[in-house]
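Next come the chains, spelled out residue by residue.
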Amino acid sequence: MQITPLAPEISDRIRAATAVPTFSRALEELVFNSLDAGATEIVASVNVQALSLSVRDNGRGMDRLALSVVGTSAATSKIRSLEELRGGVHTFGFRGEALHALSTVALVEIVSRCVDPPAAPSLVTVLQHGQRTQPGPAAEARAPGTTVSVRNMFSNRAVARKRHQRPS
């Protein structure tokens, strides 16, 4: 299923106040996204001092169109209607808010390569403070799947950054 923004009447009914309030929750959300993408291998790297993390998976990956909307508020591949929601959600996430929330408090780089077609190129997009780069060729080729790197978390939220950093 393609990633697209939910209609406002749906997103307004399911939106949470805060999708990523803590560093550990950010890691959890990224791992859940990997599992929902069908990943069978997930590698997470965490630098608590720098408040940075990376999650790499071998899931389905994203194409250029998906990368051009991922991280937009309420952009999701998991539901399209309230009827689907009422029928039961069979994924870890469905609101399409985690990457958007992360991009408001950190620099988020997403490198992805689709499983289909097999010769799909690796693409990259960067999200930060509500801005995004257009998906373009990644510096390095990768196997199908996605890597989400989150750097300098809470850089624009001094109190939150201080609360999450460990003393040296």
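Look up a bit, the structure's there.
Not measured: the values here are computed from a predicted model.

**Let's talk about the overall build of the protein chain**
Part 1 of the reasoning: A tally of helices and strands in the protein chain yields 6 helices and 9 strands.
Part 2 of the reasoning: Relative to its 168 residues, the protein chain shows a buried fraction of 42%.
Part 3 of the reasoning: Counting contacts in the protein chain only where the partners sit at least 6 residues apart, residues at least 24 apart contribute 67% of the total.
Part 4 of the reasoning: Total accessible area on the protein chain is roughly 9000 Å²; 55% of this is exposed by carbon and sulfur atoms.

**Here's the deal with the layout of surface pockets**
The rolling of a water-molecule-sized probe over the atoms marks out the regions of remaining empty space.
Part 1 of the reasoning: Of the pockets and cavities examined, the second largest pocket occupies roughly 160 Å³.
Part 2 of the reasoning: What lines the second largest pocket is simply R56, E109, V111, V124, A138, A139, E140, A141, R142 and T147.
Part 3 of the reasoning: Taken together, the residues that form the lining of the second largest pocket break down as 5 nonpolar, 1 polar and 4 charged.

**Let's talk about the pairing of strand β3 (residues 52-57)**
Part 1 of the reasoning: Burial within β3 is extensive, with 5 of its 6 residues counted as buried.
Part 2 of the reasoning: Note: strand β2 (residues 42-47) against β3, 6 bridges, orientation antiparallel. Counted as the bridge partner of V46 is L53 from β3.
Part 3 of the reasoning: Here β2 folds back onto β3, and the loop between the two strands holds 4 residues, one of which, L51, carries a positive phi near 50 degrees.
Part 4 of the reasoning: Sheet analysis places β3 next to strand β9 (residues 145-151), joined by 4 bridges and oriented antiparallel. Directly across from R56, in β9, lies its bridge partner T147.

**Some words on the pattern of salt bridges**
Where side chains of opposite charge bring their charged atoms close, a pairing between them can arise.
Part 1 of the reasoning: Tallying each qualifying case throughout the model produces 2 salt bridges.
Part 2 of the reasoning: Between E29 and R25 there is a salt bridge, with the nearest N and O atoms lying 2.6 Å from each other. Taken together, the residues E29 and R25, both in helix α2 (residues 23-36) and 4 residues apart, mark about one turn of the helix.
Part 3 of the reasoning: Residues participating in the shared-partner salt-bridge network are R25, E28 and E29.

**Concerning unusual backbone geometry**
Part 1 of the reasoning: Of the consecutive residues D116 and P117, the connecting peptide bond is found in the cis state with omega at 0 degrees.
Part 2 of the reasoning: Tracing the chain through its elements places P117 in the loop between β5 (107-113) and β6 (123-128).
Part 3 of the reasoning: Positive phi is not limited to glycine here, since L51 has a value of about 50 degrees.
Part 4 of the reasoning: Positive phi, normally seen in glycine, also occurs at N152, with a value near 55 degrees.
Part 5 of the reasoning: Checked against the element boundaries, N152 lands in the loop between β9 and α6 (158-164).

Rules of the game
- All residue numbers here refer to positions counted from 1 along the written sequence of the relevant chain.
- Residues qualify for local features only when their pLDDT is at least 70, as the model is predicted, and side-chain atom pairs are given and counted only at 80 or more; totals for whole chains, interfaces and linings, by contrast, use all residues.
- Based on all heavy atoms of the structure, the side-chain values leave hydrogens and waters out of the count.
- The numbering of helices and of strands both runs from the N terminus, where a helix is a DSSP run of H or I of at least 4 residues and a strand a run of E of at least 2.
- Three labels apply to residues, based on accessible area from a 1.4 Å probe with only protein chains included: buried if under 20% of the type maximum, exposed if over 50%, partly exposed otherwise in between.
- Residues count as neighbours in contact if any of their non-hydrogen atoms are within 4.5 Å of one another.
- With residues, only the protein chains shown are counted as cover, and all accessible areas are computed by Shrake-Rupley using a 1.4 Å probe.
- A cavity, in this analysis, means grid points on a 1 Å lattice covering only the protein atoms where a 1.4 Å probe fits yet has no way out; a pocket is instead an open set bounded by protein on both sides within 12 Å along at least five of seven lines, and a residue lines either one if it has an atom within 4 Å of a point.
- Grid points are joined across faces, edges and corners, and a volume is the space filled by probe spheres set on the points.
- The nonpolar class holds Ala, Val, Leu, Ile, Met, Phe, Trp, Tyr, Cys and Pro. Asp, Glu, Lys and Arg form the charged class, and all remaining residues, Gly among them, are polar.
- A strand pair is defined by DSSP finding two or more bridges across the two strands.
- By definition here, a salt bridge exists when the distance from a side-chain nitrogen of Lys or Arg to a carboxyl oxygen of Asp or Glu is within 4 Å.

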